[in-house]
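An overview of the molecular structure
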Amino acid sequence: MSAVFAIIRRDLLLAMRRKSEVLTALFFFIIVVSLFPLGIGPEPALLRKIAPGILWVAALLATMLGLARLFAPDHADGTLEQMVLSPTPLGLLIAGKIAAHWITTGLPLVLLAPVLGIQFDLDSGAQGILVVSLLLGTPLLSLIGAIGAALTLGLRGGGVLLSLLVLPLYVPTLIFGAGAVEAYISGTGAGGHLSLLAALLVLGGFFAPWATTAALRIALE
Amino acid sequence: MSNKIVNWFKYASPQSFYPVAGKMIPWFWVLAAIFGVTGLWISFFVAPTDATQGEGYRIIFIHVPAAWMSMFIYVVMATWAGLGLALNTRLSGMMAQALAPTGAIMAFLSLWTGAFWGKPMWGAWWVWDARLTSALILFFLYIGFIALQAAIDDARRADKAGAILALVGVVNVPIIYFSVKWWNTLHQGASVSINKAPAMATTMLWGMLIMALAFWMYSIAVALTRVRAIILEREAHTEWVKELSEVKQ
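Described in the following lines is the structure provided in the data block. In this text, all values refer to a predicted model and were calculated from it rather than measured experimentally. (Residues numbered from 1 in each chain as written. Chains lettered and ligands numbered in written order. Predicted model: local features only at pLDDT ≥ 70, side-chain atom pairs only at ≥ 80, totals over all residues. Heavy atoms only, no water.)

**So, the overall build of chain B**
A tally of regular secondary structure across chain B gives eight helices and zero strands. Its helices and strands in sequence order give chain B the pattern α-α-α-α-α-α-α-α, from N to C terminus. Looking at the 249 residues of chain B, the share that counts as buried comes to 44%. Expressed as a percentage of contacts within chain B between residues at least 6 apart in sequence, the contacts between residues at least 24 apart total 78%. Roughly 13,100 Å² of accessible area belongs to chain B as shown, and the carbon and sulfur atoms make up 70% of that amount. (Helix = DSSP H or I, 4+ residues; strand = E, 2+ residues; numbered from the N terminus. Buried < 20%, exposed > 50% of the residue type's maximum accessible area, 1.4 Å probe, protein only. Contact = heavy atoms within 4.5 Å. Areas by Shrake-Rupley, 256 points an atom, 1.4 Å probe, with all protein chains shown as cover.)

**Observations concerning the overall build of chain A**
The helix and strand inventory of chain A stands at nine helices and zero strands. Secondary structure elements of chain A occur, N-terminal to C-terminal, as α-α-α-α-α-α-α-α-α. Relative to the 2.2 N^0.38 estimate, which gives 17 Å for 221 residues, the radius of gyration of chain A is 18 Å and therefore close to what a compact globule would have. Across its three principal directions, the C-alpha atoms of chain A cover 55 × 30 × 30 Å. For chain A, the residues scored as buried account for 52% of the 221 residues in total. When contacts within chain A are restricted to residue pairs at least 6 apart in sequence, long-range pairs at least 24 apart make up 80% of them. Put simply, chain A shows about 9,600 Å² of open surface, and 72% of that area lies on carbon and sulfur atoms. Separation between the mean location of the 11 positive side-chain charges and that of the 10 negative ones in chain A comes to 7 Å. (Rg over C-alpha atoms; globule rule 2.2 N^0.38 Å. Lys, Arg positive; Asp, Glu negative; His and termini not counted. Charge placed at Lys NZ, Arg CZ, Asp CG, Glu CD.)

**Things to note about the nonpolar core**
Counting residues in hydrophobic clusters, the biggest one holds 114 residues, and the most contacted among them are F29 and F71 of chain A together with M77 and L148 of chain B. The leading source of residues in this core is helix α6 (residues 124-151) of chain A, at 14 residues. Not counting the four nearest positions on each side in its chain, F71 of chain A is found in contact with L80, I94, K97, A146, A149, A150, L153, T212 and L216 of chain A. Counting 19 residues, the second-largest nonpolar core is a separate cluster that includes A21, F28, M217 and W240 of chain B. (Core = buried A, V, L, I, M, F, W, Y, C linked by side-chain atoms within 4.5 Å.)

**A word on the interface of chain A and chain B**
Residue-level contacts link 27 residues of chain A with 27 residues of chain B. Of all residues in chain A, L151, L169 and I218 of chain A bury the most surface against chain B, accounting for 24% of the area lost on that side. Our count for the chain A to chain B interface comes out at zero salt bridges. In this assembly, chain A and chain B are joined by two residue pairs in polar contact (both at pLDDT 80 or more). Elements that contribute at least two residues to the side of chain A that touches chain B include exactly α6, α7 (158-169), α8 (171-186) and α9 (191-220) of chain A. Ranked by the residues each element gives to the side of chain A that touches chain B, the list is headed by α9 of chain A, at nine residues. Broken down by class, the residue content of the side of chain A that touches chain B amounts to 22 nonpolar, two polar and three charged. (Buried area = accessible area lost by both parts, 1.4 Å probe. Salt bridge = Lys/Arg side-chain N within 4 Å of Asp/Glu carboxyl O. Polar contact = N/O pair within 3.5 Å; in protein donor to acceptor, adjacent residues only side chain to side chain. Nonpolar A, V, L, I, M, F, W, Y, C, P; charged D, E, K, R; others polar.)

**Here's the deal with the environment of T203 of chain B**
Residue and element names in this part refer to chain B. Examined against the element boundaries, T203 turns out to sit in helix α6 (residues 202-234). Here T203 falls in the partly exposed class, since its relative accessible area comes to 29%. Sequence separation of T203 and F44 is 159 residues, and the distance between their C-alpha atoms is 11 Å.

**Quick word on the packing of α6 of chain A against α9 of chain A**
All names here are of chain A. Put simply, α6 and α9 touch, their axes get as near as 7 Å, and they point 20° apart. Classed by the angle they form, the pair α6 and α9 counts as roughly parallel. Crossing handedness for the pair α6 and α9: left-handed. Of the residues that constitute the contact of α6 with α9, the class distribution is 21 nonpolar, five polar and no charged. (Axes fitted to C-alpha atoms, helices over the stretch in contact; angles between N-to-C directions. Parallel < 35°, antiparallel > 145°, perpendicular 65-115°, else oblique. Left-handed = near helix turned anticlockwise from the far one by under 90°.)

**Observations concerning unusual backbone geometry**
Positioned with a positive phi, D121 of chain A is a non-glycine residue whose angle comes to about 65°. If you trace the backbone, D121 of chain A turns up in the loop between α5 (90-119) and α6. Even without being a glycine, N88 of chain B presents a positive backbone phi close to 60°. Mapped onto the elements of the fold, N88 of chain B is located in the loop between α2 (60-87) and α3 (90-122).

**Quick notes on α7 of chain A**
Residues lying three or four places apart along an α-helix face the same way, a consequence of the helix completing one turn every 3.6 residues. Look at α7 of chain A: 17 Å from first C-alpha to last across twelve residues, which is about the 16 Å you get at 1.5 Å a residue. Looking at α7 of chain A, one finds that the buried residues are G158, L161, L162, L165, V166, P168 and L169 of chain A. (Expected span 1.5 Å × (residues − 1).)

Listed below in structure tokens is the structure:
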């Protein structure tokens, strides 16, 4: 386990040394969300209705931005090969990298979402559900995205290809995440959606590092 | 004793599969033609006009088999991909690669004919129905698989990476289907329901099943033709390919 924490600490340290990369994804999220009212119009009732979907789609896209960097720098300088050779199971190390990716890209989105929710006139209850749904959903985005990042490692046009592979797989997360907030607003209760999101997170947490590891071994062959 | 057992792994080698596939292709074309003609004849001349939907319903004889095949081919593709990963056979990856374009075309065809059917029946080319949406996402999954394989130059890496993607996809397809279904029931906007279709006449069902067989045979014939082309392309450096009469000319 200490190796996992070492990996997380190392990746966080690297992210702190290159703050601009983390901040770019964050500002991308803010800008995309702010563009929608400009395109659609400022009616509060309409904005309140579309807010969960917009915040969630923007979160998907912002997570995508960071994915290409997940393994590429380590691949370029040979760190990844050392990880494959290390006595610690590769799956654990990869899980650590995915966790670090979530802390640098997913967690800031979770913390920012309520502020952006104010722009869309969401009430405090809906804000709370939005934060919980993002808290459950964004780790899942990092987990699923890691599979795509490993598959496209070192390929021509990897970034665009990555979005083509990963975005269809994000559909259930988007539906349950945005659906939780909408269900709360419409009065049916968000419990079911959040439970399903948590179930998907457990499933993803178990299988995704494993599939990512298999994909990385193929990429490094 | 032991020589009575057919060694199926013999046909896992591209060299021995290439001529076998060549012999099988005409038969599947013949079957596809027989089923196709019979199915079209039933669907246009035998099946009665639908009481509520008129003549326009006849597009389902193309639409439903295409939709079935698009799902079935994805599962077959993922099975070949899984076999390729587990047994490390080269032919499995080639089969998966050969099936993908046919599956993508079936998915596209089901969406396209679905739009043709939807316009007169529902008054809209597209509604965000659960089946339509999940068929669209299935189409995206096929495109992703084809794009990933096309982006990787090394054929063996392309096979294995594609295999992982296909397996991840096949795990996700039911999750996507149910999530879209629940999403749809939550947003019950338009009052469109295709679940309450009236009981189907037996001849209609037969027409649909025979058309599905025709599509199935067509898919096998096309996939085998494509796999032969892939074998020739990948094994071009080998002696046995250079000895082939069709290559020598």
